[in-house]
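Below, each chain spelled out in residue letters.
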Amino acid sequence: MSYQIVTIPGDGIGPKVVSETLPLLHEAASRHAIDLEFTNYGWGTERYLETGAMMPDDGLDQIADADSLLLGAVGHPEVPDHLTLHGLLLPIRKGFNQQVCKRPSILFDGVESPLRGYEGGDIDFVVYRENTEGEYSDTGGRVHDGLDHEVAIQSAVFTRDGTETIVRAAFEAAAAREGHLTSITKSNAQAFSMTFWDDIVEEISTEYPTVEVEPLLIDAGSMDLVRRPEEFDVLVASNLFGDILTDIGAIVSGSMGLAPSGNINVDGRHPSMFEPVHGSAPDIVGEDIANPMATVLSSAMLFEELGEPDISASLWNAVRQVLGDDDAPVTPDLGGSASTGEVVAAIETRLWLLSETHPGYVSKKWASADKPTAVLIIKTSRWTETSRQSKNVSLTYRHQSRWMVGPDTDPMPCPAARTHPRTSLRVRRGSLATL
Ligand code: GGG
């Protein structure tokens, strides 16, 4: 079985988090006899600066046959955000009818919330965000440009199809979870569109008698996500409100770097697209400290959507394990000092440790194009830990009968490894060690 996945790394930290994550996805998929073929579309602001367009005119046609899309980030300090967003991200969401945006917020064990008294597991909700219309419908215009009586009009558009689709998806999710759905609106002020939304929520609620509905205005909802996040289960909101709520959700759960997202095509006619909630983070571009976990978890959602729940679960579990391990590397957003690649390597290690059967050896590792990493070939009887770094390979192991590191060059025996379980070894890149 094989899947064709289009990657659009985009701008800023997007290319880094995507390129570091792909080898991990190969690894996770190959454990379930799934082959992945990634095609990288280098669309984004660099292209815009060169050609005047974020992607080609026939961009959507070019990627329409993919099984799924993985996007990094969009946004560049030299170009206004509305041009980059409208040139790439929004046309894909709209053109591929990705009406449902699913964004989980989870406070994992080992992660500190900025909210006092919250621990791992206390926060676990998912926002269903309407994704192709509402406040993002791009209806309006500006007239009398530059004159004193200049006017700008921007209208929100709510269709029955779009609203029913997102509301129904949210009810389905709530019925499968804890049976609690919060519908976020501003019906007191927006007496046309948001009362329409309320009516549809009420209509569809009759189909889901086990789901309790709590209507909340966006102002109160935003406050309550900070004041009592533990009480939320599923939230459903319009495009703009959903976008705002999910940034709050990400930050009360510890970091924007942990928040995944899926833009789901529900008619089955187009691919869905997965992306971290975070943007391009120009302030940390080039520092190699972007947290890849949001991209890894977005990829886990991608596998779920492809009908590969085991691969999805393996990625979720591996990330949970890293976060729950005080000794595991994390990036500065979580209080650590690890690089993007070190975190991916730690997740990859957990994939090994969590898999029911250890296949014996990893025959191949991937090096990112911009930064060659050491190749590891590991043979083990029971426990294996792998790690990739640009200069050194650190191998911490618990029990193993045989291991090798590096491209096949001079064997380097490491007796310390035999006598001291959990010894940390540093092996120079390019060396090979046997035990
Ligand atoms: N990772 C996706 C990304 O770069 N998002 C930037 C952004 O501004 N998105 C706006 C939105 O989702 O509405």
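These numbers were taken from a predicted model, which means no experiment stands behind them.

## Quick word on the overall build of the protein
Inference 1: Of the regular secondary structure elements, the protein holds twelve helices and 17 strands.
Inference 2: Each of the 435 residues in the protein was classed as buried or not, and the buried ones make up 46%.
Inference 3: When contacts within the protein are restricted to residue pairs at least 6 apart in sequence, those whose partners lie at least 24 apart make up 68%.

## Examining helix 6 (residues 193–205)
Inference 1: If you check helix 6, its first and last C-alpha atoms are 18 Å apart, about what 13 residues at 1.5 Å a residue would give, namely 18 Å.
Inference 2: If you check which residues of helix 6 are buried, you get Met194, Trp197, Ile200 and Val201. Along helix 6, the residues classed as buried sweep out an arc of 115° about the axis, all on the same side.
Inference 3: Contacts made by the buried residues of helix 6 are with helix 5 (160–176), strand 8 (180–185) and strand 9 (212–217).

## Observations concerning the confidence of the model for the protein
Inference 1: Confidence along the protein averages 85 in pLDDT terms, with 81% of residues attaining 70 or more.
Inference 2: Ignoring residues within four places in sequence, the model shows residues 356–435, a span with pLDDT below 50, making 142 contacts including any to other chains.

## Some remarks on the sheet that holds strand 3 (residues 68–73)
Inference 1: Spatial ordering of the open sheet is given by 2-1-3-12-11-4-5-10-8-9, a layout of ten strands whose pairing is mixed. Sheet topology places strand 2 (35–40) and strand 9 at the edges, where each strand pairs with a single neighbour.
Inference 2: The sheet contact formed by strand 8 and strand 10 (residues 234–237) spans three bridges and is parallel. Note that in strand 10 the partner of Ser183 across the bridge is Val236.
Inference 3: Contacts between helix 6 and the sheet are confined to strand 8 and strand 9, with strand 8 contributing the most and set at about 165° to the helix.
Inference 4: Contacting strand 8 and strand 9, helix 7 (residues 218–227) crosses the sheet at an angle of about 105° to strand 9.

## Here we look at the pairing of strand 4 (residues 100–106)
Inference 1: Burial within strand 4 is extensive, with seven of its seven residues counted as buried.
Inference 2: Because side chains alternate across strand 4, one face comprises the buried residues Val100, Lys102, Pro104 and Ile106, and the other comprises Cys101, Arg103 and Ser105, equally buried.

## Concerning the site of the ligand
Inference 1: Taken together, Ala73, Val74, Gly75, Leu85, Leu89, Asp243, Glu275, Pro276, His278, Gly279 and Ser280 are the residues near the ligand.
Inference 2: For the shell around the ligand, the class distribution of residues is five nonpolar, four polar and two charged.

## As for the nonpolar core
Inference 1: Membership of the largest hydrophobic core comes to 98 residues, with the highest contact counts inside it found for Tyr128, Ala170, Val234, Leu235, Val236, Val319 and Ile347.
Inference 2: Per element, the largest residue contribution to this core is eight residues, and it comes from helix 9 (residues 293–305).
Inference 3: With sequence-adjacent residues up to four places away left out, Ala170 is seen in contact with Tyr128, Leu181, Val234 and Val236.

## Side note on the packing of helix 7 against helix 8 (residues 239–252)
Inference 1: Where helix 7 meets helix 8, the closest approach of the two axes is 9 Å, and the angle between their N-to-C directions is 10°. Classified by the angle between their axes, helix 7 and helix 8 sit roughly parallel to one another. Where helix 7 crosses over helix 8, the two elements pack in a sense that is right-handed. Contact with helix 7, carried on its side by Ile218, Gly221, Ser222, Leu225 and Val226, involves Phe241, Ile244, Leu245, Ile248, Gly249 and Val252 of helix 8 and no other residues of that element.
Inference 2: Of the residues contributing to the contact of helix 7 with helix 8, the split by class is eight nonpolar, three polar and no charged.

## Concerning the environment of Met54
Inference 1: Structurally, Met54 is set in the loop between helix 2 (45–51) and helix 3 (59–63).
Inference 2: Overall, the presence of 27 C-beta atoms within 10 Å leaves Met54 in the buried class.
Inference 3: Note: C-alpha distance between Met54 and Trp43 (eleven residues apart in sequence) is 5.7 Å.
Inference 4: If near-sequence neighbours (up to four positions away) are discounted, Met54 is found in contact with Trp43, Gly44, Thr45, Arg47, Tyr48, Thr84, Gly87 and Leu88.

## Quick look at unusual backbone geometry
Inference 1: Positive phi, close to 60°, is recorded for Ala33, a residue that is not glycine.
Inference 2: Mapping Ala33 onto the fold places it in the loop between helix 1 (14–30) and strand 2.

## Concerning the packing of helix 1 against helix 9
Inference 1: Here helix 1 crosses helix 9 at 50°, and the two axes come no closer than 9 Å. By the angle between their axes, helix 1 is oblique relative to helix 9. Crossing angle aside, the handedness with which helix 1 passes helix 9 is right-handed. Counted together, Val17, Val18, Thr21, Leu24 and Leu25 of helix 1 and Thr295, Val296 and Ser299 of helix 9 form the full contact between these two elements.
Inference 2: The residue makeup of the contact of helix 1 with helix 9, split by class, is five nonpolar, three polar and no charged.

## Brief notes about helix 5
Inference 1: Between the first and last C-alpha of helix 5 there are 24 Å, a value that for 17 residues agrees with the 24 Å anticipated at 1.5 Å per step.
Inference 2: Residues Gly162, Thr163, Thr165, Ile166, Val167, Ala169, Ala170, Phe171, Ala173 and Ala174 constitute the buried set of helix 5.

What counts as what
- Residues numbered from 1 in each chain as written.
- Predicted model: local features only at pLDDT ≥ 70, side-chain atom pairs only at ≥ 80, totals over all residues.
- Helix = DSSP H or I, 4+ residues; strand = E, 2+ residues; numbered from the N terminus.
- Buried ≥ 20, exposed ≤ 12 C-beta atoms within 10 Å, placed from the backbone.
- Contact = placed C-beta atoms within 7 Å.
- Expected span 1.5 Å × (residues − 1).
- Arc of directions from axis to C-beta.
- pLDDT = per-residue confidence, 0-100.
- Pairing = 2+ DSSP bridges.
- Axes fitted to C-alpha atoms, helices over the stretch in contact; angles between N-to-C directions.
- Near = placed C-beta within 6 Å.
- Nonpolar A, V, L, I, M, F, W, Y, C, P; charged D, E, K, R; others polar.
- Core = buried A, V, L, I, M, F, W, Y, C linked by C-beta atoms within 7 Å.
- Parallel < 35°, antiparallel > 145°, perpendicular 65-115°, else oblique.
- Left-handed = near helix turned anticlockwise from the far one by under 90°.

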